[in-house]
Amino acid sequence: MNQNDLNDIGQRIASAAMEFAPGYRPTAAQMADAASVLRDMIRATEIHGVTLADFDGVAHFARLAIQLVQSRDASR
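Residues numbered from 1 in each chain as written. Predicted model: local features only at pLDDT ≥ 70, side-chain atom pairs only at ≥ 80, totals over all residues. Heavy atoms only, no water.

1. Quick word on the environment of Met1
Following the sequence through the fold, Met1 ends up in the segment before helix 1 (3–17). For Met1, a relative accessible area of 36% puts it in the partly exposed group. For the pair Met1 and Ile42, spaced 41 residues apart in the sequence, the C-alpha separation amounts to 8.9 Å. With near-sequence residues (within four places) excluded, Met1 lies in contact with Leu6, Ile9, Arg39, Ile42, Arg43 and Glu46. (Helix = DSSP H or I, 4+ residues; strand = E, 2+ residues; numbered from the N terminus. Buried < 20%, exposed > 50% of the residue type's maximum accessible area, 1.4 Å probe, protein only. Contact = heavy atoms within 4.5 Å.)

2. Here's the deal with the packing of aromatic side chains
One pair of aromatic rings is described through two measures. These are the centre distance and the angle between the planes. In the structure shown here, the tally under the stated rule is 1 aromatic pair. Seen in terms of ring centroids, Phe55 and Phe61 are 4.6 Å apart; in terms of plane orientation they differ by 75°. Their pairing is edge-to-face. Sitting over the face of the ring of Phe20, Arg63 holds its NZ or CZ atom 4.3 Å from the ring centroid. (Phe/Tyr/Trp six-rings, centres within 6.5 Å; stacked < 30°, edge-to-face > 60°. Lys NZ or Arg CZ within 6 Å of the ring centre and 35° of its normal.)

3. Some points on helix 2 (residues 28–46)
Across its 19 residues, helix 2 extends 27 Å between first and last C-alpha, which sits within 8% of the 27 Å expected from 1.5 Å per residue. Buried within helix 2 we find Gln30, Ala34, Ala35, Leu38 and Ile42. Projected down its long axis, helix 2 carries its buried residues within an arc of 140°, all on one side. Elements that come into contact with the buried residues of helix 2 comprise helix 1, helix 3 (52–56) and helix 4 (61–74). (Expected span 1.5 Å × (residues − 1). Arc of directions from axis to C-beta.)

Structure below.
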């Protein structure tokens, strides 16, 4: 994973965040955590030959990462 990949993840998270209605948008900290979650998911699957493009073909993982972090925060 290189800097371009990390920039792409950040852009995907920022774009996904704008899909949430006002009042439900993630905080800056949640966006940072979501970017880290997505990065780590991709890194974990690289050994299996899975790429970000493969993730795109299945689901909106940037939005999923945000929802995961928001769910975590709501349960705290």
